[in-house]
Amino acid sequence: MLTRRVVLMATAALAVGLSAAYAQGLPPLEKKDTYKVGFAQTESNNPWRIAQTESMKAEAEKLGYQLVYTDAAGSAAKQVADVNSMIAQGVDIIFLAPREEKPLIPAVMAAKKAGIPVILLDRNVDQSLAKAGEDYVTFIGSDFIDEGKRIAEFLMKEKPEGAKIIQLEGTTGSSPANDRKKGFDDTIASNPAFQVVASQSGDFARDKGRQVAEALLQAHPDADVIYAHNDEMAMGAIAALEAAGKTPGKDVMVLSIDGGKEAVQAVVDGKIAAVVECNPRFGPKAFETMQRYVNGETIEPWVKNIDAFYDKSNAAEEVANAY
Ligand code: GZL
């Protein structure tokens, strides 16, 4: 029975929740039995993105929420249009994996203006143009600078004599590409024996990564390390090395980020020296964060994912758990 006291307490709790959201200048998300949730995916061009999408769909289904899913097929402009269409459909909240840091800002602001909270997944927006806690609720994702730093530290320990490095960058303008490069470059800058002889985007894609690796290996035959910003490009680089008659892991050290099953197995096989994990299974944490927001909690500006590290010391025992 709803006594007057219970009603008053519930109203007060709701008021606190709303005031917490408003205090952050964010659109509130009221308590409801179910929700219509938007997930604006950037593309489905590799196993990482597919795993992320599957995780989000599985969690929405488990909760019984309606999921409005869009795939921008690698176009930031389409992703903006996708978010605008979700706004028009009146979703309750939008999960967005912004393809690049700047072009998605208008979409984030349009959602805020429409009174729809946004949670950023896996990739961030330019922090000088939009702020967590004011323009969107939070960013859930890895520390990409630390991922690049951990790869560099591993390399400098394994090859104290130095190295000539080919860097295969992720999607131009994306926060993982920008920050994995920054973390790596800033760390090796402390020792001039480590030189990046070439750094070019392979767009996080296997075939583009192979093509870029082929061209850069021909231009820099003395390169003895390839640092790929993700597994897909690392596997492409391995194909390029083998096509050139070189042995990955012997003639050239290959380093990667993501930690998918194929790359961790390549560590077991000695073709990749180390992989920093970047787990794509966002579903549970995404919807848990949403529930915290519904409950009126003030969400921290960055809900940080913790990344594992795989090398020959642990890859064999860990490969079964990789995505
Ligand atoms: C990282 C994610 C990156 C992966 C790539 O959070 O945005 O995008 O590292 C994927 O594999 O394409």
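Provided above is the structure to which this section pertains.
This report concerns the structure included in the present document. The shown structure was predicted, so the numbers you read here are calculated from the model rather than taken from an experiment.

**Focus on the sheet that holds strand E3 (residues 93–96)**
Part 1 of the argument: With parallel pairing, six strands are arranged side by side in an open sheet as E2-E1-E3-E4-E5-E11. Single-partner strands in this sheet number two, and they are strand E2 (66–71) and strand E11 (302–304). Direction aside, neighbouring strands of the sheet carry axes that sit 20° apart on average.
Part 2 of the argument: Examined bridge by bridge, strand E5 (residues 138–141) and E11 share three bridges and lie parallel to one another. Note that in E11 the partner of glycine 141 across the bridge is lysine 304.
Part 3 of the argument: Against the sheet, helix H3 (residues 76–89) contacts strand E1 (36–41), E2 and E3, and its axis sits at roughly 175° relative to E1.

**As for the packing of helix H8 (residues 231–243) against helix H9 (residues 261–268)**
Part 1 of the argument: As a packed pair, H8 and H9 sit with axes 9 Å apart at the nearest point and diverge in direction by 45°. In terms of orientation, H8 lies oblique with respect to H9. The crossing of H8 and H9 is left-handed. Residues Asp231, Glu232 and Met235 of H8 form the contact with H9, whose participating residues are Glu262, Ala263 and Ala266.
Part 2 of the argument: When grouped by side-chain class, the residues that make up the contact of H8 with H9 number three nonpolar, no polar and three charged.

**With respect to the sheet that holds strand E9 (residues 253–258)**
Part 1 of the argument: The six strands lie next to each other as E7-E6-E8-E9-E10-E12, forming an open sheet whose pairing is mixed. Bordering the open sheet on either side are strand E7 (194–201) and strand E12 (309–311), each of which pairs with just one other strand. Each strand axis lies, on average, 15° off the axis of its neighbour in the sheet, ignoring direction.
Part 2 of the argument: Examined bridge by bridge, strand E8 (residues 225–228) and E9 share three bridges and lie parallel to one another. The residue of E9 that forms the bridge with valine 225 is methionine 253.
Part 3 of the argument: Lying on the sheet, helix H7 (residues 206–219) is in contact with strand E6 (163–169), E7 and E8; it crosses E6 at an angle near 150°.

The rules behind each value
Residues numbered from 1 in each chain as written. Predicted model: local features only at pLDDT ≥ 70, side-chain atom pairs only at ≥ 80, totals over all residues. Heavy atoms only, no water. Pairing = 2+ DSSP bridges. Helix = DSSP H or I, 4+ residues; strand = E, 2+ residues; numbered from the N terminus. Axes fitted to C-alpha atoms, helices over the stretch in contact; angles between N-to-C directions. Contact = heavy atoms within 4.5 Å. Parallel < 35°, antiparallel > 145°, perpendicular 65-115°, else oblique. Left-handed = near helix turned anticlockwise from the far one by under 90°. Nonpolar A, V, L, I, M, F, W, Y, C, P; charged D, E, K, R; others polar.

Bear in mind that shape data such as this cannot, by itself, settle questions of function.
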